[in-house]
Amino acid sequence: MSDGDDTPQRAGFLSTVRAVLWSFAGVRKRRDYNQDASSLNPVHVIIAGIFAAVVFVLSIVLVVRFVVSQ
Amino acid sequence: MSSIAHDPTHGHEHDHHAHHPSGVMRWITTTNHKDIGSLYLWFSFIMFLAGGVMALTIRAELFQPGLQIVQPEFFNQLTTMHGLVMVFGAIMPAFVGFANWQIPLMIGAPDMAFARMNNWSFWLLPVAAILLMGSFLAPGGASAAGWTLYAPLSVQMGMGMDMLIFAVHIMGASSIMGAINIVTTILNMRAPGMTLMKMPLFCWTWLITAYLLIAVMPVLAGAVTMLLTDRHFGTSFFNAAGGGDPVLYQHVFWFFGHPEVYIMILPAFGIVSQIIPTFSRKPLFGYASMVYATSSIAILSFIVWAHHMFTTGMPAAGQLFFMYATMLIAVPTGVKVFNWVATMWKGSMTFETPMLFAVGFIFVFTMGGFTGLICAITPIDIQIQDTYYVVAHFHYVLVAGSLFAIFAGTYYWLPKWTGHMYDEGLGRLHFWASIIFFNITFFPMHFLGLAGMPRRIPDYALQFADFNAIATVGAFGFGLSQLIFLAAVLKCVKGGQRRPQRSGTVRTDSSGPCPRQRPTIPSKLHRLSSKRCWLTGGPPWTGDQTSAPR
Amino acid sequence: MSLAGMAQATEARYNLQTPVTQIAQQVYDLHTAMLVVCLVIFLAVFGVMFYSVYAHRKSKGAVAAQWHENTTVEILWTIIPVFILLGMAWPATKTVLAMKDTSNPDITIKATGYQWKWGYDYLKGEGEGIRLVSNLSTPQSQIGGDQQSARSETAYLLEVDEPLVVPVGKKIRILTTANDVIHAWWVPAFAVKQDAIPGFIRDTWFRADKEGIYRGNCAELCGKDHGFMPIEVHVVSADKYSSWVAGRKKAAAAVAEDPSKTYSLAELKAKGQQVYDANCAACHQATGKGLAPAFPPLDGSKIATGPIADHIGIVFNGKPGTAMSAWRQLSDTEIAAVITFERNNWGNAVGDLVQPSAIRAMRGGAQVATAAVPAAAAKEAPTAAPAAALPAKVYFQVGKSTLPADAIDAVKAVAEYLAAKPDAKVDITGYTDKSGSLDKNLELAKERAKAVRDALKEAGVAADRINMKKPEAVTGDGDNKEARRVEINRAG
């Protein structure tokens, strides 16, 4: 996932992650959604989504390992 | 443009009139999304009745303790086939039928992207159905290993199991091709100005469902192929003596199986999300959230599969992981219910049949959601797994969920499909009979499961007798109520009041019912009202047929 | 939780069964808590919805509002359920960990799932070495026959012939495995359910706090009689348990089978009938006719009347890919007896037999060459009822009157019977098959009867206790093999 070489694209990376995280919660403002719709690159969204899912799984695994070791 | 002009895709006629085959050949060779949608829907209904007869036989045997009607081996064949027929023959094809009918209309496309493959996707299904139902006639009968086909029991089964495996492969191929078609159509053939963000929610839910299908149907194919090779070609995937593990089958199957249940419910969410706003005369609450939540449910559905396997002996860490993940995924699912209720709140509601089924769906599906959450708690699941509690849970979400949504969508779109209004009295009767008998049938099963009645047994201890009797009575009532639905549909197809002219939606032509074929290049969208109308997507309804809903 | 305390008094009709272990109590309470949470959310959500259905109807003149988004509300109703779930996850986690802790058990028992019964082996702790096989004991006549009114209110389909017995208050570790397909061992009152997977061993545990009888079921579809292989556990006081253990050990010693013993055909058949009824009749039926096409008949089958090595092979090893599982978990004597029974019952009359020593040799890897029995006399009196020795039949080869080797046993059994019953006498009658001239056959029949008489005399039977009785029809009774026989019957 490239960060891009100009400022708007950098903001794009953060926006992508933000959009994906909000999607995990299942909530989004219409205005932000329109913003996402017009500015986000779907490929980036998919990559961020997969990455966030992996992080989500690993977090749960860490919690479980902590609990089991008690 | 309601006359059918020369269509370059039918170039090999003798004369240069547009000439479409009629009679049986029309249906066999059609590449029209509406015809194919109708074929799927009729096929699904026939399979629904077949699966229903099996269910009634099961319930008849369970009416009283003792073995009266069928022997245990045949009883297990019935439970197996009832599940397979309903999942693969009734629910899934019905939703594909809706997709075929509605998606091109909703996005302004002339047809599906791969119209001929669409035909092939459908016609594979009757072949698979004949194989599947024909397995009853194989030596030894149909497979009796449960719809989940766990090894090593399924490896012991006779020839009926091989026919079943073959049928599953064919149905899988049909689903995958259909899913590819839907994704391609939605991503490539939207009318100019129809961005993804303006699509009706039904199209969104089907887009996501299609991705799920493409991802997991091959996994099912892998699982049943490994069964096939264990049965006939000397492999030991699921046989400890050869170095394999029966639990491997369960992992592979449920990796398919859990996304599969979302495949069966997401289109239902889409249908209900079209109907509630229409009949509340108010836009869907939190449309953006609904899109995001649906996608996240789909992705996260891949990490919860082993909540079907809590008793297989996985270590505590495994049980805890899957318990936490399953509980968390329940959140966005449940939240959607709040969104629907918020759509209704401060709306201006009327309760025609589609709305009755949609509201009924919310009520009863949510109950299924609660019992699912209870099943997700591992220690509780240790007690209720493989009991009638689970049977109650999944019938609440699949029957009161998916099936009621299918009924809702059928009543909602029948006027569009046929040009006639359905009989509202029959529709309401069908709804009330269905929801009452449904609850009579399946609510007592929660008690049976908690009290200790296992599933997949043809006879039971005496303390379970009265709830079983009640459930059987309810089941027969529910089954007979579906004949009301058949009557309503037939009556509507044959004729009836013309449906009202529509206003307030985007149209590409102004005649109704929908012509069989629309121009290849869509005309510019005529936006007759605000953007909001795309959210509702379907024909606006009025109780009094005089004015557009406002 | 007092709420749970009240609820415990009710029978299991609407709720989980009354818990008898601490784990089961935790599960019960967890479920009650989840029910309450779900009920509250349910009432809140549907209270709102049904109010809306009532108040926001067009026919009441309601006019639709036009808002359709409120992110704050949405966030709130996402976060609050998450906190509720976290609240539920915490006690659930503790119970999951407790359920998995099988360390330091007092007694370890292995439960093996079969199609369709349970076998229990006490592996460690008091009672070590005890082995039980637990079959459903509800008779068929109560299930589908004419005895349906005799069904037990509490135990129909949940009763077994040999229940599992454990002491109260002790930690019992249950290892589960299976012989054929996946089963599951489930006792609701203990909140114990563990899959029994062929080729693997899983474990679980319970500590029952109250004496009583607790019933459960197999909880994983395992074939035709999945609903007919229940579990019955008797939780008894420590003293009662000790005396039960002692009693079982004594009984086991008394019926200890000496696998080097030799048995008579009649003894093997009698025992084989019992083994058949308990293990084989479910599929192959009491008539031996089977249930086509899944369960082939044994009466007249190629295997049951053909080479004995094949018959032994299929019983011992099963037939992979079919429902015929391996039966090598039966004892040597049981296997030898049931094969002998199958070969000499119904219309089968092969006349050969298998001794337990041959089966034992097979387990050790030796091939079974022949079922012929060495002529060595038995070391002690047979434990089978002497009356089963009569009537006896001895079979001959075509045209021969010499006593075949495997007839020695039948003769011996008769001699022992006569030794045990000083007043008894026997009639000996010879027969032949239809082939050959009548004169020759009359002579042959007499020679055969004489051969048997001589063998009996050699075995110590006094001549005045043996009557030579002429048959009404010398030839052609039954099929050829059956016809070439001498019958020894009780006289008078």
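Conventions used here
Residues numbered from 1 in each chain as written. Chains lettered and ligands numbered in written order. Predicted model: local features only at pLDDT ≥ 70, side-chain atom pairs only at ≥ 80, totals over all residues. Heavy atoms only, no water. Helix = DSSP H or I, 4+ residues; strand = E, 2+ residues; numbered from the N terminus. Buried < 20%, exposed > 50% of the residue type's maximum accessible area, 1.4 Å probe, protein only. Areas by Shrake-Rupley, 256 points an atom, 1.4 Å probe, with all protein chains shown as cover. Contact = heavy atoms within 4.5 Å. Buried area = accessible area lost by both parts, 1.4 Å probe. Salt bridge = Lys/Arg side-chain N within 4 Å of Asp/Glu carboxyl O. Polar contact = N/O pair within 3.5 Å; in protein donor to acceptor, adjacent residues only side chain to side chain. Expected span 1.5 Å × (residues − 1). Lys, Arg positive; Asp, Glu negative; His and termini not counted. Patch = residues over 30% accessible without salt bridge, like charges linked within 9 Å, V, L, I, M, F, W, Y side chains within 5 Å. pLDDT = per-residue confidence, 0-100. Pairing = 2+ DSSP bridges. Axes fitted to C-alpha atoms, helices over the stretch in contact; angles between N-to-C directions. Nonpolar A, V, L, I, M, F, W, Y, C, P; charged D, E, K, R; others polar. Arc of directions from axis to C-beta. Core = buried A, V, L, I, M, F, W, Y, C linked by side-chain atoms within 4.5 Å. Phe/Tyr/Trp six-rings, centres within 6.5 Å; stacked < 30°, edge-to-face > 60°. Lys NZ or Arg CZ within 6 Å of the ring centre and 35° of its normal. Parallel < 35°, antiparallel > 145°, perpendicular 65-115°, else oblique.

K.L.:
Report on the overall build of chain A, specifying residues and quantitative values.
P.N.:
The helix and strand inventory of chain A stands at three helices and zero strands. Relative to its full complement of 70 residues, chain A shows a buried share of 31%. Of the roughly 4500 Å² of accessible surface on chain A, 65% is carried by carbon and sulfur atoms.

K.L.:
Which residues make up the overall build of chain B, and what values go with them?
P.N.:
The helix and strand inventory of chain B stands at 17 helices and zero strands. Expressed as a percentage of the 550 residues in chain B, the buried residues total 67%. Put simply, 81% of the contacts in chain B that link residues at least 6 apart link residues at least 24 apart.

K.L.:
Tell me what's going on with the interface of chain A and chain B, and back it up with residues and numbers.
P.N.:
At the interface, 20 residues of chain A touch 19 residues of chain B. Summed over both sides, the interface of chain A with chain B buries roughly 1800 Å², with 77% coming from carbon and sulfur. Looking at the side of chain A facing chain B, the largest losses of area belong to A:Y33, A:I60 and A:V64, adding up to 29% of the total buried there. Counting the contacts that link chain A with chain B gives zero salt bridges. Connecting chain A to chain B are zero residue pairs in polar contact (both at pLDDT 80 or more). The biggest single contributor to the side of chain A that touches chain B is helix α3 (residues 42-68) of chain A, with nine residues.

K.L.:
Describe helix α6 (residues 265-279) of chain C, with residues and values.
P.N.:
Here α6(C) is 15 residues long and its end C-alpha atoms lie 20 Å apart, about the 21 Å a rise of 1.5 Å per residue gives. For α6(C), the set of buried residues is C:L265, C:E267, C:L268, C:G272, C:V275, C:Y276 and C:N279.

K.L.:
For the side chain of B:R455, give the residues involved together with the corresponding values.
P.N.:
Within the secondary structure, B:R455 sits in the loop between α15 (424-451) and α16 (465-494). Of the side chains with opposite charge, B:D386 lies nearest to the buried B:R455, which makes no salt bridge, at 5.0 Å. Those residues in contact with B:R455, other than ones at most four positions away along the chain, are B:D386, B:T387, B:Y388, B:V390, B:V391, B:F394 and C:H226.

K.L.:
How would you sum up a nonpolar patch on the surface? Please name residues and give values.
P.N.:
Where nonpolar side chains cluster on the molecular surface, the patch consists of A:I46, A:I50, A:V54 and A:L58 and spans about 390 Å² of accessible area. Assignment of secondary structure puts A:L58 in helix α3.

K.L.:
Tell me what's going on with the confidence of the model for chain B, and back it up with residues and numbers.
P.N.:
All names here are of chain B. Mean pLDDT for chain B: 87, with 87% of residues reaching 70 or above. Note on residues 503-512: pLDDT under 50 across the span, and 21 contacts to partners over four residues away in sequence or across chains. Across residues 519-550, where pLDDT falls below 50, the model places 74 contacts with residues more than four positions away in sequence or in other chains.

K.L.:
Account for the sheet that holds strand β9 (residues 212-218) of chain C, with residues named and values stated.
P.N.:
Think of a sheet as strands paired side by side through backbone hydrogen bonds, with each pair either parallel or antiparallel. Residue and element names in this part refer to chain C. Here we have five strands laid out as an open sheet, ordered β4-β10-β9-β6-β7, and mixed in their pairing. Sheet topology places β4 (164-167) and β7 (192-196) at the edges, where each strand pairs with a single neighbour. Neighbour to neighbour, the strand axes of the sheet diverge by 25 degrees on average, direction disregarded. Direction of pairing for β4 relative to strand β10 (residues 231-236): parallel, over a ladder of four bridges. Counted as the bridge partner of V166 is V235 from β10. In the packing of helix α5 (residues 238-254) onto the sheet, contacts are made with β4 and β10, and the angle to β4 comes to roughly 135 degrees.

K.L.:
Account for the interface of chain C and chain B, naming residues and giving values.
P.N.:
Contacts between the two partners involve 90 residues from chain C, matched on the other side by 96 residues from chain B. Contact with chain B buries area across many residues of chain C, yet C:W77, C:K193 and C:L221 alone supply 8% of it, more than any other trio. Linking chain C with chain B are one salt bridge, by the criterion used here. Residue B:D466 pairs with C:R13 through a salt bridge whose shortest N-O separation is 2.9 Å. Here chain C and chain B share 24 residue pairs in polar contact (both at pLDDT 80 or more) between them. Secondary-structure elements contributing two or more residues to the side of chain C that touches chain B are α2 (22-55), α3 (71-99), β7 and β9 of chain C. Take the side of chain C that touches chain B: its biggest share by element is 16 residues, from α2(C). A breakdown of the residues in the side of chain C that touches chain B according to their chemical character gives 51 nonpolar, 24 polar and 15 charged.

K.L.:
Before we move on, could you go through helix α11 (residues 356-363) of chain C and cite the residues and values that matter?
P.N.:
Residues and elements named next belong to chain C. Along α11, the positions that sit buried rather than exposed are P356, I359 and M362. Burial along α11 is one-sided: seen end-on, the buried residues are contained in an arc of 115 degrees. Those residues of α11 that are buried lie in contact with α9 (308-317) and α10 (332-343).

K.L.:
Run through the pairing of strand β2 (residues 117-124) of chain C, naming residues and quoting values.
P.N.:
Residue and element names in this part refer to chain C. Across the eight residues that make up β2, a large majority, six, are buried. Taken together, the seven bridges between strand β1 (residues 107-114) and β2 define a ladder with antiparallel strand orientation. Following the sheet pairing, G113 is matched in β2 by W118. Between the end of β1 and the start of β2, which pair antiparallel, lie two residues. Bridge count between β2 and strand β3 (residues 131-134): four bridges; the pairing is antiparallel. Note on β3: the bridge partner recorded for D121 is R131.

K.L.:
Could you give an account of the nonpolar core, naming the residues involved and the relevant values?
P.N.:
By size, the foremost hydrophobic cluster in this structure holds 277 residues, and its most contacted members are B:F88, B:W204, B:W206, B:F361, C:L164, C:W185 and C:F190. With 21 residues, the top contributor of residues to this core is helix α3 (residues 72-107) of chain B. Residue contacts for B:F361: discarding those within four places in its chain leaves B:I265, B:A268, B:F269, B:V272, B:W340, B:T366, B:A400, B:G401, B:S402, B:F404 and B:A405. In this structure, C:V411, C:V414, C:V426 and C:V461 belong to the second largest nonpolar core, which totals 22 residues.

K.L.:
Talk me through the pattern of salt bridges; I want residue IDs and the actual numbers.
P.N.:
Residue and element names in this part refer to chain B. Considering all chains together, one arrives at 16 salt bridges over all chains under this definition. Note that K491 is salt-bridged to D423, the shortest N-O span being 2.7 Å. Of this pair, K491 sits in helix α16 while D423 sits in the loop between α14 (388-418) and α15, and the two are 68 residues apart along the sequence. Assessed through its relative accessible area of 44%, K491 is described here as partly exposed.

K.L.:
Describe the confidence of the model for chain A, with residues and values.
P.N.:
Residue and element names in this part refer to chain A. Overall, the prediction assigns chain A a mean pLDDT of 74, with 84% of residues at 70 or greater. Element-level pLDDT for chain A is lowest in helix α1 (residues 7-25), with a mean of 69, against a maximum mean of 86 in α3. When the criterion is pLDDT under 50, residues 1-10 qualifies, and its contacts beyond four places in sequence or with other chains add up to eight contacts.

K.L.:
Any details on the sheet that holds strand β14 (residues 485-490) of chain C? Residues and values, ideally.
P.N.:
Residues and elements named next belong to chain C. If you trace the four strands from one edge of the open sheet to the other, you get β11-β14-β12-β13, paired in mixed fashion. Both outer strands of the open sheet, β11 (392-395) and β13 (466-468), are each paired with one neighbouring strand and no more. In this sheet, neighbouring strand axes are inclined to one another by 20 degrees on average, regardless of whether the strands run parallel or antiparallel. Inspection of the sheet shows β11 paired to β14 by four bridges, in the antiparallel sense. Note that in β14 the partner of K393 across the bridge is E487. Along the sheet, helix α12 (residues 408-420) makes contact with β11, β12 (426-430) and β14, crossing β11 at roughly 150 degrees. With respect to the sheet, helix α13 (residues 438-458) is in contact with β11, β12, β13 and β14, its orientation differing from that of β12 by roughly 145 degrees.

K.L.:
I'd like a rundown of the packing of aromatic side chains, residues and numbers included.
P.N.:
Under the criterion given, the structure shown has 67 aromatic pairs over all chains. Taking the centre distance of 5.9 Å and the plane angle of 20 degrees together, the rings of B:Y249 and B:F253 count as stacked. Here B:Y249 and its partner B:F253 are both found in helix α8 (residues 246-263), four residues apart, which amounts to about one turn of the helix. The burial state of B:Y249 is the same as that of B:F253; both residues are buried. Over the aromatic face of C:W186 sits the side chain of C:K193, whose NZ or CZ is 4.3 Å from the ring centroid. Geometry around C:Y431 places C:R485 over its ring, the cationic atom sitting 4.1 Å from the centre.

K.L.:
How would you sum up the side chain of B:T343? Please name residues and give values.
P.N.:
Residues and elements named next belong to chain B. For T343, the position within the fold is in helix α11 (residues 316-344). With relative accessibility at 0%, the residue T343 sits in the buried group. When residues no more than four places from it in sequence are discounted, the contact partners of T343 are I276, P277, S280, K282, P283, L284 and F285.

K.L.:
Can you tell me about the packing of helix α2 (residues 30-39) of chain A against helix α10 (residues 287-300) of chain B, naming the residues and giving the values?
P.N.:
Direction vectors running N to C along α2(A) and α10(B) enclose 60 degrees, while the axes themselves pass 8 Å from each other. Between α2(A) and α10(B), the interaxial angle falls into the category oblique. Between α2(A) and α10(B), the contacting residues are A:R30, A:Y33 and A:D36 on the first element and B:Y287, B:A288, B:V291 and B:Y292 on the second. Split by residue class, the contact of α2(A) with α10(B) holds five nonpolar, no polar and two charged.

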